[in-house]
Structure formats: structure tokens, C-alpha cells
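Coordinate inspection notes
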Amino acid sequence: RINASTENVDESTGLRSPVGTTIYGSRWATEEIPRFDMPIEEMPSISLTCINQIILLLIFLDVAYRLIKDELALDGNPALNLASFVTTYMEDEAEKLMAENLSKNFIDYEEYPQTAEICNRCVNMIARLFNAPMHDAKQESIGCSTVGSSEAIILATLAMKRRWQHMRRAKGLSTENPNFVLGANCQVAWHKALLYLEIEPREVECTEDLLYMDPQKAANLVDENTIGVCAILGSTYTGHYEDVKTLNNLLEEKCEENGWDIGIHVDAASGGFVAPFVVPELEWDFRLKRVVSINASGHKYGLTYAGVGWAVWRSPEYLPQDLIFNINYLGSDQASFTLNFSKGASHIIAQYYVLIRLGRTGFKKIMTNLTGTADRLADRLKNTGRFTILSQGEGLGLPLVAFRLNSPHHYDEFDISARLRERGWIVPAYTMAKDLENMKLLRVVVREDFSRSRCDILIRDILAAVKSLDTWDEKAVEDTRILSAEQSHSAMHVNISSFKINVVEEEDASGLKSPTAKKAVGIC
């Protein structure tokens, strides 16, 4: 309860009342919470009040905490957020470890040497999980922790570009116009990496018959300026595993024929901690000669809270030494290959907890259960006769279900998503990759805390949403779309004028040019 001197003064007598109120009886409950500038005055946390010459320690609810907590109550429930691959459940012991180590700055190896050692252990375990070639059981692997796969992707692409430049210079050849081959179904992090590093993207288009990269088409796009090819182990759109083995064989032939050395980077952001346990016989990793680097997200199916990713390399030759900075101003000599410098250590420690707590057996049990739940959801949706399943089941893809309506209606997948949101479910609706934007789909990501019973409730709610939309006429659907767009949360908080939209000019049927907004690429 609040008993601050400015809060409990009786207006008629000017005396302070010994009776305290709650936060909702104070002035802070009637003022707008700060959004743009820091407040001038403090918000109370603990107050000391002298009553009858006795000092009483009044510990009451922190005003700032309560105001922010009330705002955050408007967020969605993470457990019902089926849009995200990011982990939303960890054991209490893991959370305790994270809380105990929140103040540690991972980059300070001299101050926190054991934390650095734990990071190295994670790299070693993950590299061996991905079958990195080792001379002996105690050999150290080549890799680093990142804040996520986006950073890992940029680092791996940078290493590929620098290695290609070294090889070209050694032969007296130009290092202009590097290119990189990947599928149009890539995650937006790839568009960022290639744009920032000034590399030409060569995208393999998706088709209705193949919603992910065709390895033959990818091999056809490579040339002497290709720094590498990306294969995705778990497409963001549909969860498919791309055929890394076939791509490897095609590149082997191409490189042998032309004297090139083109490597494969596997984007295993989602599938890296799934495939080794569900389909261990699938060859996608360092067992293949052309695979030189792999990224994985610890905060996805690595079962750790958001904020940790991993990049590992086949051997030291694929990570050029001139990209690694050596520093000593933190008290010891240490090497650094990251985009940022300071970062928290707690997520790395949590990742290590998960790796040794579960072991290979524990991961296999969890991933097998998730795969079974995804298959159940896909079968139930398909059996309704209303949906077409676009994802791959039986462990041959990620444990997710991508689906769409199998016939035209006066409503679409976006309307189903909106209806599910009313029940608390966050099920994303989106359009497919470049050149397939006319295809709309929904996606349910099955995570560790998505139980079989929760799956059955979701199925019930999806069918209820569809049946409800069946009763609406076309005008009601359109009116609801307009109203939802006007009242959306993002519209309330985003100042549109602060964003610059890329505008391109297109010719209409009359030959006149009209401006249109440039289309966004990739989904999260």
C-alpha cells in the first residue's frame, strides 16, 4: 500500500493520514504512463513513514512495476502464440539460473571465465550434433554464440565472402560482383545479410508444385562469382527440409568441372535441433563435403528463451583469420567474432542447462512428441474436407502445420486468423514467397508446450471460426476487415509518417506510370 507524504494529505486539515491507499487510489493511476520522455519525478518503491515516533517500514507495490504490468496484460498469451518458433517454456531451474546470471556480460572473459568455458562446451556439443569432422574426442570445434540466427547468418555469409575474395586474389582475379544463391522462400534475415554485405542475391523461385528451393535450379545459377549456396533445413513458410544432399552432389560435379570451390551454408535455424533426433539418417550437415557452415537458433527448437543462436564451421579454413579481432582491454587476450560486443550471459548458460539436462534421449522424446502432435493436427484438419495441407509430415519437415482453404470462399485465411484471435489464439495468415503471393496460408508452429489436449481445443476453435464465417455474407466480411484495420493495435502505436516507403512506378493498362508500394519480402 502507498503511504507517501504527497499521497495521503487530508485537504481539509492539511494533516497526513496514517491510512494508506493502493496504487489505484494514487495520482499515478490517473496519469498517462510515460511514452516519449523520461518522467521528471520518481515513482515510489519503498517509503519510510514516522508515526508516533515509531519508524515503520512500509513495503508496498512498486508503482512503475504495476503500471507496466497492467499494460503488458494486453499482450497475447505466449502459450497461445502459434505464430512463433521461439521457446515459451523452460523449467524452473533454468529460469533460476538465468535470473542468477542476468548481470553477467558474456564478452568479459577475464571476469567470467567459466561462462566462456560453458559457451565453448555448447559449441562443441552442437558441432558434434551436426557431425563436424573431428580428429579426436577432445578436439575443440569452430563456432560462436550469437543473439540469434540473424547474426549467425550474417557472420557465416561474411566468412564465405571473405574466403571467396582471398581465393580470387590469390589467382589474380577480380573480386567484384559476388553473388549468393538461395531459395525465394528464405527468411527475411537473408535479404538483410545480402543487402548489408553488398552481395547479389540469386533466388530460385518457388512454384505451386515445389514451395521450396529446387537444388537443380540452384546449381544452374552458380558461377565463378558465387560465394556460396544456402539450403534451408526447415522453411519458414511451410517447414520443408530442402534437399541438401542432392545440392551437394550437383555442386561437387559443377566445381570439379570448372575448378571452383563453392560451399553450402545450411540455415538450420529451426531444424537444427529437430532433424538429428527425428530423422537422424537424413544427410544435411557436415557429413556432406560441400557443407562448410551451419547456423541454429537455440531459442527455437533448442528450447531456450529468446536471445541465443549458434554459428559453427566445418574447420578453421572456412573462417578467415582476418575477420577475427584480438583484444586485451578487458584484462586478457581474447578473440572476438561477433556483430555486437556486450551481451548477456544468461541465455548461453540456459542453453547449456538444456543440453546437459535433456541429453540426446530427452531431445528425441520431445521432438518425437511434437512431430506426432503436428501430424495429428494435420490429419484432423485434412479430414474436415475444408483444408489443403502444405507442410510435410512424419518427421520429414518441421513440427508445424501449414494449410489453406481448398476452395474459394467469400472469406479467406486472414479472416480465419482474425476470428481465432478473438479466442486468444495467434495463428498467422500470410502470403507465400515471391511470385506466389496469390497463395494465402495459415501456419501453426507446434512447440514444446503445445500439448495434445491444447491441439484438440485449437482444432475445435478453427472449425468454429470457419462455421461462423460461413454464416456471414460478403459485405459483413468486408466491413469487419475494414473495422479491424482501423482499430488494429499497430495502427494505434505506429506513426506512419515516420516511415519511408519505397515507391516504384508501374505502368497501367493505358501506359501511364503510377506509384505503388514496394512489396515486403520474407516472413518471421
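Numbers given to residues run from 1 along each chain, matching the order in which its sequence is written. For this predicted model, a pLDDT threshold of at least 70 governs which residues receive local features, and a threshold of 80 or more governs which side-chain atom pairs are given and counted, while totals over whole chains, interfaces and linings are taken from all residues. Side-chain metrics in this entry use all non-hydrogen atoms of the structure; hydrogen atoms and water are not considered.

For the chain, the name recorded in an unreviewed UniProt entry is Glutamate decarboxylase, with Circinella minor as its organism. UniProt positions are given in the numbering used here, feature names are shortened, and annotations may be inferred rather than shown by experiment. Here the chain is described in UniProt, under the heading Sequence similarities (unreviewed entry), as follows: "Belongs to the group II decarboxylase family." As stated in UniProt under Cofactor (unreviewed entry), the record for the chain gives "pyridoxal 5'-phosphate".

1. Some details on the packing of aromatic side chains
For any pair of aromatic rings, the description rests on two quantities: the centre-to-centre distance and the angle between the ring planes. Only centres within 6.5 Å qualify two rings of Phe, Tyr or Trp (six-membered ring in Trp) as a pair; their planes then separate them into stacked at under 30 degrees, edge-to-face at over 60, and tilted for everything else. Under the defined criterion, the tally for this structure stands at 8 aromatic pairs. Both rings, one in Phe-180 and one in Trp-190, keep their centres 5.3 Å apart while their planes meet at 20 degrees; by these two values the pair is stacked. With a gap of 10 residues between them, Phe-180 in strand E4 (residues 179-183) and Trp-190 in helix H5 (residues 188-196) connect regions that are remote in the sequence. Pair check on accessibility: Phe-180 and Trp-190 agree, each one buried. Relative to Phe-363, the ring of Phe-273 has its centre 6.0 Å away and its plane inclined at 25 degrees; by these criteria the two rings are stacked. Within this pair, whereas Phe-273 is found in the loop between strand E7 (263-267) and helix H8 (275-278), its partner Phe-363 is found in helix H9 (residues 346-383), the two being separated by 90 residues in sequence. Note on exposure labels: buried denotes an accessible area under 20% of the residue type's maximum, exposed denotes more than 50%, and partly exposed covers the range between, all computed with a 1.4 Å probe on protein chains only. Using a relative accessible area of 2% as the deciding quantity, one classes Phe-363 as buried. Under the scheme used here, helices are H or I runs from DSSP no shorter than 4 residues and strands are E runs no shorter than 2 residues, and both carry numbers assigned from the N terminus.

2. Topic: the sheet that holds strand E13 (residues 400-405)
Taken together, 4 strands build an open sheet; the order of strands is E12-E13-E15-E14 and the sheet is antiparallel. Sheet topology places strand E12 (387-389) and strand E14 (429-431) at the edges, where each strand pairs with a single neighbour. Adjacent strand axes in the sheet meet at a mean angle of 40 degrees when their direction is disregarded. Two strands form a pair only when DSSP identifies at least two bridges running between them. In this sheet, E13 lies alongside E12 in antiparallel orientation, the contact comprising 3 bridges. If you follow Phe-387 over to E13, its bridge partner there is Leu-405. For this analysis, residues touch if any pair of their heavy atoms sits within 4.5 Å. Between N-to-C directions, angles span 0 to 180 degrees; the directions come from axes that are lines fitted to C-alpha atoms, helices contributing only their stretch in contact. H9 contacts E12, E13 and strand E15 (440-445) of the sheet and is inclined by roughly 15 degrees relative to E13. Of the strands in this sheet, E12, E13, E14 and E15 are in contact with helix H10 (residues 413-421), which crosses E15 at around 35 degrees.

3. Some words on the pairing of E7
Burial runs high along E7: 5 of the 5 residues are buried. Of the two faces of E7, the one lined by Gly-263, His-265 and Asp-267 and the one lined by Ile-264 and Val-266 are each fully buried. Pairing of strand E6 (residues 226-232) with E7, which is carried by 5 bridges, proceeds in the parallel orientation. Across the sheet, the residue bridging to Gly-228 is Gly-263, located in E7. Handedness of the E6-helix H7 (residues 244-258)-E7 crossover: right-handed. Here 4 bridges tie E7 to strand E8 (residues 291-297), and the two strands are oriented parallel to one another. Paired with Ile-264 across the strands is Val-291, a residue of E8. By convention, a crossover is right-handed whenever its connection, traced from the first strand over the helix to the second and viewed with the strands pointing away, goes clockwise.

4. Digging into empty space enclosed by the protein
Cavity means a closed set of points on a 1 Å grid over the protein atoms alone, one where a 1.4 Å probe fits but cannot get out, pocket means an open set with protein on both sides within 12 Å along at least 5 of 7 lines, and lining means a residue has an atom within 4 Å of a point. Grid points are joined across faces, edges and corners, and a volume is the space filled by probe spheres set on the points. In this structure the tally under the stated criterion is 2 cavities of 30 Å³ or more. Approximately 100 Å³ is the volume attributed to the largest cavity. As for the largest cavity, its lining consists of Ala-159, Met-160, Arg-163, Trp-164, Met-167, Thr-226, Ile-227, Asp-261, Ile-262, Gly-263, Val-292 and Tyr-318. Every element with two or more residues in the lining of the largest cavity is listed here: helix H4 (149-170) and E6. If one sorts the elements of the lining of the largest cavity by residue count, H4 sits on top with 5 residues. In the scheme used here, Gly and all other residues not listed as nonpolar or charged are polar, with Ala, Val, Leu, Ile, Met, Phe, Trp, Tyr, Cys and Pro taken as nonpolar and Asp, Glu, Lys and Arg as charged. Considering only residue class, the lining of the largest cavity consists of 8 nonpolar, 2 polar and 2 charged. Of the pockets and cavities examined, the second largest cavity occupies roughly 50 Å³. Forming the boundary of the second largest cavity are Phe-85, Thr-87, Thr-88, Tyr-89, Lys-300, Tyr-301, Leu-303, Arg-447, Glu-448 and Asp-449. Residues of the lining of the second largest cavity, tallied by class, amount to 4 nonpolar, 2 polar and 4 charged.

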